[in-house]
Structures are given as structure tokens and as C-alpha cells.
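Listed below, chain by chain, are the residues.
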Amino acid sequence: MTSKATSRSQALRNRAEDVVHNQQDTKESVNLQDLSHEDMRKLVHELQVHQIELEMQNEELRQTQAELDNARSRYFDLYDLAPVGYCTVSENSVIQEANFTAAAMLDLVRSDLVNKHVSQLVVKSDQDTYYQCRKALLETGAPQDCELQMLKRDGTVFWVHMRVTAAHDSSGAPVQRMVLSDITERKHLDSMLLVKSQELEISRKVADKASQAKTDFLSNMTHELRSPLNAILGFAQLLEMATPAPSPAQTTNINQILRAGWYLLDLVGEILDLTSIEAGRLRLTVEPTPLSGVLQECQKSISTSALKKNLHLHFDPVSTTLMVDADRDRLVKVVLHLLSNAIKYNRSGGDVEVSCSVPSGNKVRL
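About the cut-offs
- Residues numbered from 1 in each chain as written.
- Predicted model: local features only at pLDDT ≥ 70, side-chain atom pairs only at ≥ 80, totals over all residues.
- Heavy atoms only, no water.
- Salt bridge = Lys/Arg side-chain N within 4 Å of Asp/Glu carboxyl O.
- Helix = DSSP H or I, 4+ residues; strand = E, 2+ residues; numbered from the N terminus.
- Pairing = 2+ DSSP bridges.
- Disulfide = S-S within 2.5 Å.
- 1 Å grid on protein atoms, 1.4 Å probe; cavity = no way out; pocket = protein on both sides within 12 Å on 5 of 7 lines; lining within 4 Å.
- Points joined across faces, edges and corners; volume = space filled by probe spheres on them.
- Nonpolar A, V, L, I, M, F, W, Y, C, P; charged D, E, K, R; others polar.
- Phe/Tyr/Trp six-rings, centres within 6.5 Å; stacked < 30°, edge-to-face > 60°.
- Lys NZ or Arg CZ within 6 Å of the ring centre and 35° of its normal.
- Patch = residues over 30% accessible without salt bridge, like charges linked within 9 Å, V, L, I, M, F, W, Y side chains within 5 Å.
- Areas by Shrake-Rupley, 256 points an atom, 1.4 Å probe, with all protein chains shown as cover.
- Buried < 20%, exposed > 50% of the residue type's maximum accessible area, 1.4 Å probe, protein only.

## Overview of the pattern of salt bridges
Throughout the structure, instances matching the rule amount to 12 salt bridges. Here Glu-147 and Lys-187 are joined by a salt bridge, their closest N and O atoms 3.0 Å apart. In this pair, Glu-147 is assigned in strand β3 (residues 144-151) and Lys-187 in helix α6 (residues 184-240), connecting sequence segments 40 residues apart. A single salt-bridge network, built from bridges that share partners, covers Glu-147, Arg-186, Lys-187 and Asp-190.

Structure follows, in C-alpha cells:
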């Protein structure tokens, strides 16, 4: 037993002896010689029971002490080693208590953190944010959240998310419970994301401007091409109808001019369609269209190309009453593109077959 424990035990014994002497002064003392054997036996029994009772109470105290130690250990784990900083702050914003995480976050010893004013740890430009948060807490009593910059011991600035709630300490005095979470990495990522978003917005505007310039150029170019093409086609048609009639050789040349001119005019129309699609201004005129007329027009347009490659065209007859809902010009272009591919990738002496069927009441398969 240590000297400190021995002196404490001696002090307790002295206090107990004083109590006994005082009781003897106020009460009539008991003479053990006057007690009978039975009274002595009862007295010894009472003393034994009292001793056992004291031992049981001591055991309960030891168990209570062990439970208290375990509770303190759990409190240490939950409070001091929590992943966020905890602080208890007085009404005038002085830190009364802090856990290890809060001290480590600020790069301070916990004893140095206690008794510091919160505003000393907040960047000057963000001190108003803290006071506004504290003011809202005092006015409403509801938990308040804010994001602000704080200072480490060496002056390094870092971002924290602060949550403040109202509470009372053990004496009933009002205090504030403060939870601090380091959000520096998130703020850094938010800043990078903002920069990237701004760069993307600038790139999008540049791309939109370039796209608009290209659209304007194509639109102007197609309009400029249509005028001379219409003039060429007009003069070729005049030569075709001239008097006297052109010779067979001249007729062949005129037909080639007309065919090439109409082809170029179709290409110009497709470029205009492309610019309209990119600008979102393409208009479709959907109406009942006789499919037989569409196929006849397509057959005439591609017959020369098929003849040059020594291909045989087979178009199944289609009823003149068969109508489809479509934009006629776009439908002709779609069918012509398919037929052009069929001719382009065919073999010499091959066949191109076009058939039509009605698999259901409102669909047509071509």
C-alpha cells in the first residue's frame, strides 16, 4: 500500500474513532460484562451480517467503478477519436472543451485550444459568416450549418463545414455544441469543376459560333449555286425546244447537260436540307402520297446508272390506289439512295429487284 493510501486510511480511522467517542458522550455506554451469553451471540451475529453487507456493498462499488471505467473508455472512443471535431463553446464563443480530432484539425494541442475564442480560429473574411450562424442559433434555437475557412497553427487555411446546436452544461448554463468537418478536398474539387464548366461553356460557344458560320456559309453557297444552275437548265431546255430541232448528237449532249444539271440541283437541295437539320428548321410536309408515282420517278432516275453497269431492274407493279403518309420529296430521296447503293455495290450483269407488300393494315413494306 502506498504512503498516500496509508495516510488516507489512517485519516478515515481517526474520523471513525471521533464519531464513536462523540456517541459515547451523548449516549449511555454499553458494558459488555452486563451482557448475557445470548446477547453476546446476537451481537456477534449482527456484526458478522453487517460485515458481509459491507463486503457486498464494496463489491457493488467495485463493479460500478469498472462499469464507469468502461463508459469512460467508450466515451473516449466516441468523442475524442471521432472522425469529426467536437467542441463545447460558451455563450460568448469561448471554447470550453474539444476532442482530439478538433485539435488535430487545427494543428493545436488540446490544452491550447481550450479557452480560445472561436473567432481567433476563423479567417477574418469569414468571421461574419460565423456570427450570422451563431446569431440564427440564438434567435431560433434550431441547429445551424455554415461553411467557412479556418486557420491552422502555422496559418494554413482550410475549409470546414460547421454545425452548431444549443445545449446546457452540467450546471444548467447554456452552451453550444459545435461539430467541425474538413471539406477542403470537396471545395477544391468544386473549384476545379467550376473552372472546367466555364471552359466547357467557352468551348461550346466557340463551337456554336463555328457551326453557325458553317451553316451560314453552306446556305449562302447553295443559294449562289442555284442561280447559275437554273440558268444552265433553262438554256438547255430552250436548246431542246429550238427550231429547227437539234440533231441526234446535239440532243444527246443536251440530255447530258440536263441530267447533270438536275443532279447538281438535287445535291444543292440536299445541302440545304442538311443546313436546315443542323439549325433545327427542317420542315416536313406529310400527306397522302401515291407510292406508284414515287417508284416510277425513282426508276426513271436510276435506269441510266443501271444500264451503264449492265444491271437488270425489276420493279413489281404497284396499285395506283396505294397511298402512304410521307413527305414526297424526302421519300423519293430515301428510295433513290437505297437504289444507288444497290447499283453501286452490285456485280456486272446482276439484278436490282424492288417489291412492295402490305404486311398489316397500316404499314407498307418496300
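## Considering the pairing of strand β5 (residues 174-182)
It is a general feature of regular strands that their side chains alternate between the two faces of the sheet. Bridge analysis of strand β1 (residues 85-89) against β5 gives 5 bridges, and the strand direction is antiparallel. By the bridge assignment, Cys-87 is partnered in β5 with Met-178. One ladder, built from 9 bridges, connects strand β4 (residues 157-168) with β5; its direction is antiparallel. Each bridged residue has a counterpart across the sheet, and for His-161 the counterpart in β5 is Ser-181. Hairpin connection from β4 to β5: 5 residues lie between these consecutive antiparallel strands, with Gly-172 at a positive phi of about 90°.

## Things to note about the state of the cysteines
Enumeration over the complete set of coordinates arrives at 0 disulfides. Cys-146 supplies the cysteine sulfur nearest to Cys-133, a cysteine that is in no disulfide, at a spacing of 3.8 Å.

## Some details on the layout of surface pockets
Of the volumes computed, that of the largest pocket is approximately 1000 Å³. Forming the walls of the largest pocket are 28 residues, and the residues nearest its centre are Trp-262, Tyr-263, Asp-266, Ser-301 and Leu-336. For the lining of the largest pocket, the elements supplying multiple residues, two or more each, are α7 (248-278), α8 (291-308) and α9 (328-344). With 11 residues, α7 is the single largest residue contributor to the lining of the largest pocket. In terms of residue class, the lining of the largest pocket is built from 10 nonpolar, 6 polar and 12 charged. The volume enclosed by the second largest pocket comes to roughly 260 Å³. Considering the residues around the second largest pocket, the lining is formed by Leu-291, Val-324, Leu-331, Val-335, Leu-338, Leu-339, Glu-353, Val-354, Ser-355, Val-364 and Leu-366. Listing elements by their share of the lining of the second largest pocket, those giving two or more residues are α9 and β9 (351-354). A total of 4 residues in the lining of the second largest pocket trace back to one element, the largest contributor, which is α9. Considered class by class, the residues forming the lining of the second largest pocket number 9 nonpolar, 1 polar and 1 charged.

## Structural notes on the environment of Met-221
Of note, Met-221 is situated in helix α6. Separated by 50 residues in sequence, Met-221 and Ile-271 have C-alpha atoms that sit 9.5 Å apart.

## Focus: empty space enclosed by the protein
Picture a little ball the size of a water molecule; that probe, rolled over the atoms, points out where space is still empty. Evaluated as defined, the whole model comprises 1 cavity of 30 Å³ or more. Its boundaries defined by the atoms lining it, the largest cavity holds a volume of some 30 Å³. Surrounding the largest cavity, Cys-87, Ile-95, Leu-106, Val-118, Leu-121, Met-150, Met-178 and Leu-180 form its lining. Of the residues in the lining of the largest cavity, the class split is 8 nonpolar, no polar and no charged.

## Some thoughts on the packing of aromatic side chains
Applying the stated criterion across every chain, the model contains 1 aromatic pair. Arranged with centres 5.6 Å apart and planes meeting at 55°, the rings of Tyr-130 and Tyr-131 form a pair that is tilted. For the cation-ring pair, Arg-110 lies above Phe-100, with the distance from its terminal atom to the ring centre recorded as 3.9 Å. Sitting over the ring of Trp-159, Lys-187 keeps its end group 4.5 Å from the ring centre.

## Overview of a nonpolar patch on the surface
Taken together, the side chains of Met-40, Leu-43 and Leu-47 define a hydrophobic patch exposed on the protein surface, amounting to about 250 Å² of accessible area. Among the secondary structure elements, Leu-43 is positioned in helix α2 (residues 37-80). Leu-43 gets classed as partly exposed once you look at its relative accessible area, which sits at 37%.

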